[in-house]
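# Remarks on the overall topology
So you can see what is in the structure, the chains are spelled out below.
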Amino acid sequence: MKKFAVIGSPIGHSLSPKIHSLFAEQAEIQINYEAIEIIENDFNSRVKQLFEDGYSGLNVTLPLKEKAFHYADMKSEDALLATSVNTLFIKDSIVCGETTDGRGLLLDLKSKGIEIEGLNVLILGAGGSAKSVIPSLLSSNPNSLSVVNRTPEKAAELVKIHKQKNPEINQIGIDEKIHQEIDLVINSTSASTLGEELALPEGIFGPKTTSYDLAYSKEATPFNLMAKKRGVKKTYDGLGMLINQAALSFEIWNKFKPNVKGIDLKLRS
Ligand code: NDP
């Protein structure tokens, strides 16, 4: 039986084992998919051991995606653009690294009828997940992509990486007032996970704004509740992105494209 795992810290509440077992049922294959706690300092030795122990693929989550990027001998184009890896596997004795986060987000947005092309998009946060999804958002030709972060230097760094090829990316300060109507606000901060307040620029939500929170929960997330209070009608959380990025990993490893429809309902029940 093929063995897979999601690695990270903390990892106890990961939904990935459940998602991959639902995909394996669809593919009519038997897999063993575990959640394994690994801390940053142990990354190289533990991952080496897992592959030596016969694991066919690893999903990588917080806080190890950058470590995985450096560990992989061969990186996909998406991974190179994002400088992040969430999927590791061995091909022809070479450790390969891929990121499926950005495409996972785009697929989920598309399933909700949201096409990025021509939209004014604003992303809150400039951490690991922002870094992974920004290249995919830019490749979909938004009219503008604004990055807002509590620590402005980090947003500036991200904007600088992409500005030359994508002049539509820009930075907005947390205490600035937004004058342009934002079509889509993506929350990629960990404020709600940490139970902290999230400061926002004035005028971020307009009557036509949609909000998408990368965080997810059974109930509405704190960010989406706040967006609703400010008049936002369409709010989504990141469960669909999680499912879609998992499906892309599953397809790489097992050459089977899972049907993601209805998986969210099974996970939320
Ligand atoms: P990081 O730790 O890499 O980045 C966190 C970001 O949040 C930073 O920009 C940080 O700002 C900002 N932040 C944290 N606290 C606050 C606060 N109180 N006010 C304002 N900004 C704050 O985390 P990730 O990017 O990896 O993950 C972020 C979220 O995305 C998590 O909730 C995670 O679960 C979710 N996620 C969901 C995925 C999915 O598939 N749905 C995939 C990946 C992540 P600063 O730079 O100032 O510290």
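This text goes with the structure placed above it.
To keep things clear, this report deals only with the structure shown in the data block. (Residues numbered from 1 in each chain as written. Predicted model: local features only at pLDDT ≥ 70, side-chain atom pairs only at ≥ 80, totals over all residues. Heavy atoms only, no water.)

## Notes on the site of the ligand
- Surveying the vicinity of the ligand reveals 26 residues, the closest of which are G128, S129, N149, T151 and E196.
- Here an oxygen atom of the ligand and a backbone polar atom of G127 are 3.4 Å apart.
- For the ligand, a nitrogen atom lies 2.9 Å from a polar atom in the backbone of G238.
- Summarising the interface, the protein chains cover 83% of the accessible area of the ligand, which totals 930 Å² for the free molecule.
- Going through the elements one at a time, α6 (128-139) and α9 (239-254) are the ones with two or more residues in the shell around the ligand.
- Split into classes, the residues belonging to the shell around the ligand amount to ten nonpolar, eleven polar and five charged. (Near = heavy atom within 4 Å. Polar contact = N/O pair within 3.5 Å; in protein donor to acceptor, adjacent residues only side chain to side chain. Areas by Shrake-Rupley, 256 points an atom, 1.4 Å probe, with all protein chains shown as cover. Helix = DSSP H or I, 4+ residues; strand = E, 2+ residues; numbered from the N terminus. Nonpolar A, V, L, I, M, F, W, Y, C, P; charged D, E, K, R; others polar.)

## Looking at the nonpolar core
- In this structure, L105, I123, I134 and I186 are the most contacted members of the largest nonpolar core, which totals 24 residues.
- For this core, the secondary-structure elements that each account for two or more residues are α5 (101-111), β7 (120-124), α6, β8 (144-148), α7 (152-163) and β10 (184-187).
- In terms of residue count, the dominant contributor to this core is α6 (five residues).
- If sequence neighbours within four positions are ignored, L105 has contacts with V133, L137, I186, Y212, L214 and M241.
- Formed by 21 residues, the second largest nonpolar core is a distinct cluster that contains I11, C96, L242 and A246. (Core = buried A, V, L, I, M, F, W, Y, C linked by side-chain atoms within 4.5 Å. Buried < 20%, exposed > 50% of the residue type's maximum accessible area, 1.4 Å probe, protein only. Contact = heavy atoms within 4.5 Å.)

## Some thoughts on unusual backbone geometry
- Put simply, S9 and P10 share a cis peptide bond, and its omega is 0°.
- On the secondary structure map, P10 appears in the loop between β1 (2-8) and α1 (16-27).
- Between L62 and P63 the backbone carries a cis peptide bond, its omega angle lying at -5°.
- Along the chain, P63 turns up in the loop between β3 (55-60) and α3 (65-71).
- With a phi close to 45°, T83 is a non-glycine residue in the positive phi region.
- Among the structural elements, T83 can be located in the loop between α4 (77-82) and β5 (87-91).

## Notes on the sheet that holds strand β9 (residues 169-171)
- In space, the six strands of this open sheet follow the order β9-β8-β7-β10-β11-β12, with parallel pairing throughout. For this open sheet the edge positions go to β9 and β12 (234-237), each flanked by a neighbour on one side alone. Neighbour-to-neighbour, the strand axes of this sheet turn through a mean angle of 20°, independent of strand direction.
- Inspection of the sheet shows β7 paired to β10 by four bridges, in the parallel sense. From the neighbouring strand, L122 faces β10, where its bridge partner is V185. (Pairing = 2+ DSSP bridges. Axes fitted to C-alpha atoms, helices over the stretch in contact; angles between N-to-C directions.)

## Remarks on the sheet that holds strand β2 (residues 31-37)
- Spatial strand order, β2-β1-β3-β5-β6-β4: six strands in an open sheet with mixed pairing. A single partner strand is all that each edge strand has here, and the edge strands are β2 and β4 (74-75).
- Of the pairings in the sheet, the one linking β5 to strand β6 (residues 94-98) comprises five bridges and is antiparallel in character. If you follow F89 over to β6, its bridge partner there is C96.
- Together, β1, β2 and β3 form the strand contacts of α1, whose direction differs from that of β2 by roughly 170°.

## Things to note about the pattern of salt bridges
- Evaluation of the coordinates by the stated rule reveals nine salt bridges.
- Among the salt bridges present, the one from K112 reaches D108, with a minimum N-O distance of 2.6 Å.
- Exposure remark for K112: the relative accessible area of 27% places this residue in the partly exposed category.
- Ionic pairing is found between K177 and E202, a salt bridge with its closest N-O pair at 3.8 Å. Of this pair, K177 sits in the loop between β9 and β10 while E202 sits in the loop between β10 and β11 (210-213), and the two are 25 residues apart along the sequence.
- Look at the salt bridges and you will find they share partners, linking D78, E98 and R103 into a network. (Salt bridge = Lys/Arg side-chain N within 4 Å of Asp/Glu carboxyl O.)

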